[in-house]
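Structure at a glance
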Amino acid sequence: QVQLVESGGGLAQPGGSLRLSCTASRSIFEIAFMGWYRQTPGHERELVVVIPTRGGTPELADSWRGRFTISRDDAKNTLHLQLNNLKVEDTAVYYCNALYYDINYWGKGTLVTVAT
């Protein structure tokens, strides 16, 4: 099993930025895939970005192209997502995800609110 803890959510103005972090209880190299999803009331949880942790091509939602940077700190078992040029419609709960031994694990989520 793996525990995931998100942080970095909060309030941002349109055009602003936030950096989200996800810390796992295991080494990132033990986890096949890690990434971020988001969800708003009345909508299905949707992909933001997922990366193969041992190398490969990330899977990225079209709406985020050009507006994010992803990084990792393997020594701290942490994945970061830099959200840039935020829009009001980006308001959602953002969830960290990990695929470990073919089982999906989820964090509790961190709320991102974009408003003036």
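Let me begin by describing the structure that accompanies this report. (Residues numbered from 1 in each chain as written. Predicted model: local features only at pLDDT ≥ 70, side-chain atom pairs only at ≥ 80, totals over all residues. Heavy atoms only, no water.)

This paragraph deals with the state of the cysteines. Considering all chains together, one arrives at one disulfide under this definition. The partner cysteine of Cys 22 in its disulfide is Cys 96, sulfur to sulfur 1.9 Å. Linking Cys 22 and Cys 96, the disulfide has an S-S dihedral of approximately -80 degrees and is accordingly described as left-handed. Linking Cys 22 in strand E3 (residues 18-24) with Cys 96 in strand E9 (residues 92-100), this pair joins segments that are 74 residues apart in sequence. (Disulfide = S-S within 2.5 Å. Helix = DSSP H or I, 4+ residues; strand = E, 2+ residues; numbered from the N terminus.)

Pairing within the open sheet is antiparallel, and its four strands lie in the order E1-E3-E8-E7. The sheet terminates laterally at strand E1 (4-7) and strand E7 (68-73), the two strands that pair on one side only. Adjacent strand axes in the sheet meet at a mean angle of 15 degrees when their direction is disregarded. (Pairing = 2+ DSSP bridges. Axes fitted to C-alpha atoms, helices over the stretch in contact; angles between N-to-C directions.)

Our next topic: the side chain of Thr 110. As for its placement among the helices and strands, Thr 110 is situated in strand E11 (residues 110-114). Exposure remark for Thr 110: the relative accessible area of 10% places this residue in the buried category. Reaching out from Thr 110, the side chain makes a polar contact with the backbone nitrogen of Gly 9 at a distance of 3.1 Å. (Buried < 20%, exposed > 50% of the residue type's maximum accessible area, 1.4 Å probe, protein only. Polar contact = N/O pair within 3.5 Å; in protein donor to acceptor, adjacent residues only side chain to side chain.)

For E3, a buried count of five out of seven residues is recorded, marking the element as mostly surrounded by other parts of the structure. In terms of strand pairing, E1 meets E3 through four bridges, oriented antiparallel. Note that in E3 the partner of Glu 6 across the bridge is Cys 22. Across six bridges, E3 lies against strand E8 (residues 78-83) in antiparallel orientation.

Counted by the stated rule, this structure contains five salt bridges. The salt bridge involving Asp 90 is made with Arg 38; its shortest N-O contact spans 3.0 Å. With Asp 90 in the loop between E8 and E9 and Arg 38 in strand E4 (residues 33-39), this residue pair connects regions lying 52 residues apart in the sequence. Using a relative accessible area of 1% as the deciding quantity, one classes Asp 90 as buried. Taking relative accessible area as the criterion, Arg 38 reaches 9% and is therefore assigned buried. A salt bridge links Asp 90 to Arg 67, with the shortest nitrogen-to-oxygen separation between them at 2.8 Å. Here Asp 90, found in the loop between E8 and E9, pairs with Arg 67, found in the loop between strand E6 (59-60) and E7; they are 23 residues apart in sequence, far enough to count as distant. Each member of the pair, Asp 90 together with Arg 67, is buried. One salt-bridge network, held together by shared partners, links Arg 38, Glu 46, Arg 67 and Asp 90. (Salt bridge = Lys/Arg side-chain N within 4 Å of Asp/Glu carboxyl O.)

Attention now goes to the pairing of E11. On E11, burial follows the alternation: Thr 110, Val 112 and Val 114 on one face are buried, whereas Leu 111 and Thr 113 on the facing-out side are not. Bridge analysis of strand E2 (residues 10-12) against E11 gives three bridges, and the strand direction is parallel. Its bridge partner being in E11, Gly 10 is matched across the sheet by Val 112. Here three bridges tie E9 to E11, and the two strands are oriented antiparallel to one another. Opposite Tyr 94, over in E11, you have Thr 110 as the bridge partner.

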